[in-house]
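# Structure assessment
Spelled out from the first residue to the last, the chains are:
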Amino acid sequence: MIKFFRKIRQNLLMENKTSKYFKYAIGEIVLVVIGILIALQINNWNENRKERTQELHYLKNLKVDLKMNIVHIDNYIKTRTKAIASATTILDHFEGKPITDYDAFSANTIDIYTWRKFFQINNTFQELMNSGNLAIISNDSIKDTYLNMESLYKVMKDQEEHFRFDSELLLYEPNYSQVDLNPVVKNYTYKVTNGVAGEKTDLPKHQYDEMLKDLKQKNGFVMAVYEFSAMNTQLNEMKIMCQQLISLIDKDLNKN
């Protein structure tokens, strides 16, 4: 093709058709420029298509993580709601209600002692953040909601850390020095394994009676009710954000 255009220019020069030569040369330049622009446009379209394909991959994975996170949150809310009920029941005994079922009382205390920290399921979002690929997500509402949820998560972790300190100071430390945990652990293990492990033993009833005179431990259960309630409020807020994100992602996915 280049040889063809060169031959035409040479013929025009040989025939002294200078004006036609210049017009032809300009036209050729215009055609080359147009060709370059078309090539660039096609290249940009291909790059945009590749980036959108990658974005859709991330959005689908984000949605999977969010659905799993909602189930995870519901389980924690359920567990912590049970812990709140257990701590409230224990506080009734601190206020003077006699213990008639020491197995139930022991189980209620263990609901508080065995609390666990919450860790959200956000592997895809962390991958986007750590790789610097968050900009691939073109929907600002999705990015902003995720970042707001990360901020809420940090507040929640701070709340957990606060209760960790309170539980160590007000619950674990005095309880470990006052109650013989060997029969308690054997009994609890026997119960949760349906007798496969552990041992059905007599609980230290007199030690539990002494425990109810300890103001420090009472305050520990007070803080358990307060702080687990605060954590559940935060978990519910996070659940709402997860649902909002799923809705935003669905709208974005349906654009294609």
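Read on for an overview of the structure. Keep in mind it's a predicted model, so treat the numbers as computed, not measured.

## Quick look at the overall build of the protein chain
- Helices and strands together make up the secondary structure of the protein chain, namely 8 helices and 0 strands.
- Sequence-ordered secondary structure for the protein chain, helices as α and strands as β, is α-α-α-α-α-α-α-α.
- Per-residue burial for the protein chain yields a buried fraction of 39% across its 256 residues.
- For the protein chain, restricting intrachain contacts to residue pairs at least 6 apart in sequence, the fraction spanning at least 24 positions comes to 82%.
- For the protein chain, the accessible surface area stands at approximately 15500 Å², while carbon and sulfur atoms represent 57% of it.

## Describing the environment of Tyr172
- Following the sequence through the fold, Tyr172 ends up in helix H5 (residues 140-178).
- Accessibility expressed as a relative area gives 16% for Tyr172, which makes it buried.

## As for the packing of aromatic side chains
- One pass over the structure, following the stated rule, counts 12 aromatic pairs.
- With centroids separated by 6.4 Å and ring planes inclined at 20°, the aromatic side chains of Tyr102 and Tyr208 adopt a geometry described as stacked. Highlighted residues: Tyr102 in helix H3 (residues 102-113) and Tyr208 in helix H7 (residues 205-211), separated in sequence by 106 residues.
- Classification of Tyr102 as buried rests on a relative accessible area of 15%.

## Quick notes on the packing of H3 against helix H6 (residues 181-192)
- Running from N to C, H3 and H6 cross one another at 90°; their axes reach a closest spacing of 11 Å. By the angle between their directions, the pair H3 and H6 is classed as roughly perpendicular. Contact residues: Asp103, Ser106, Ala107 and Ile110 in H3; Val184, Asn187, Tyr188 and Lys191 in H6.
- For the contact of H3 with H6, the per-class residue count stands at 4 nonpolar, 2 polar and 2 charged.

## Some thoughts on the nonpolar core
- Grouped together as the largest cluster of nonpolar side chains are 29 residues, with contacts concentrated most on Leu59, Leu62, Leu66, Phe118, Tyr146, Met149 and Met238.
- Secondary-structure elements contributing two or more residues to this core are helix H2 (18-94), helix H4 (123-131), H5 and helix H8 (215-253).
- Considering every element that reaches this core, the biggest residue donor is H2, with 9 residues.
- Beyond its immediate chain neighbours, meaning those up to four positions away, Leu62 contacts Thr124, Phe125, Leu128, Ile137, Tyr146 and Ile249.

## Observations concerning H5
- A rise of 1.5 Å per residue sets the reference length of H5, with its 39 residues, at 57 Å; its end C-alpha atoms lie 55 Å apart and thus fit the reference within 8%.
- Here H5 starts with a cap whose side-chain oxygen sits 2.9 Å from the backbone nitrogen of Ser141, and that cap is Asn139.

Calculation criteria
- In every chain, residue numbers begin from 1 and rise along the written sequence.
- Selection of residues for local features in this predicted model requires a pLDDT of at least 70, selection of side-chain atom pairs for listing and counting requires 80 or more, and totals for whole chains, interfaces and linings are taken over all residues.
- Derived side-chain values reflect all non-hydrogen atoms in the structure, with water molecules and hydrogen atoms excluded from consideration.
- Put simply, DSSP marks the helices as runs of H or I at least four residues long and the strands as runs of E at least two long, and each gets a number from the N terminus on.
- Exposure categories follow from relative accessible area, calculated using a 1.4 Å probe and restricted to protein chains: below 20% of the type maximum is buried, above 50% is exposed, and the middle band is partly exposed.
- Here, residues are in contact when the closest pair of their heavy atoms is within 4.5 Å.
- Note on areas: Shrake-Rupley, 1.4 Å probe, and residue coverage restricted to the protein chains presented here.
- Between the rings of Phe, Tyr and Trp (Trp by its six-membered ring), a pair exists once the centres lie within 6.5 Å; its type follows the angle of the planes, with under 30 degrees stacked, over 60 edge-to-face, and the other angles tilted.
- Helix axes are fitted to C-alpha atoms over the stretch in contact, other axes to C-alpha atoms as well, and angles between N-to-C directions run from 0 to 180 degrees.
- Reported orientations rely on four angle classes, namely roughly parallel under 35 degrees, roughly antiparallel over 145, roughly perpendicular from 65 to 115, and oblique for the rest.
- Residue polarity follows a fixed list, in which Ala, Val, Leu, Ile, Met, Phe, Trp, Tyr, Cys and Pro are nonpolar, Asp, Glu, Lys and Arg are charged, and the others, Gly among them, are polar.
- Definition used in this section: a nonpolar core is a set of buried Ala, Val, Leu, Ile, Met, Phe, Trp, Tyr and Cys residues joined via side-chain atoms within 4.5 Å.
- Expected helix span is given by 1.5 Å per residue-to-residue step, counting one fewer step than there are residues.
- Pairing of N or O atoms within 3.5 Å defines a polar contact, subject to two protein rules: one partner must be a possible hydrogen donor and the other a possible acceptor, and residues neighboring in sequence count only if both atoms are side-chain atoms.

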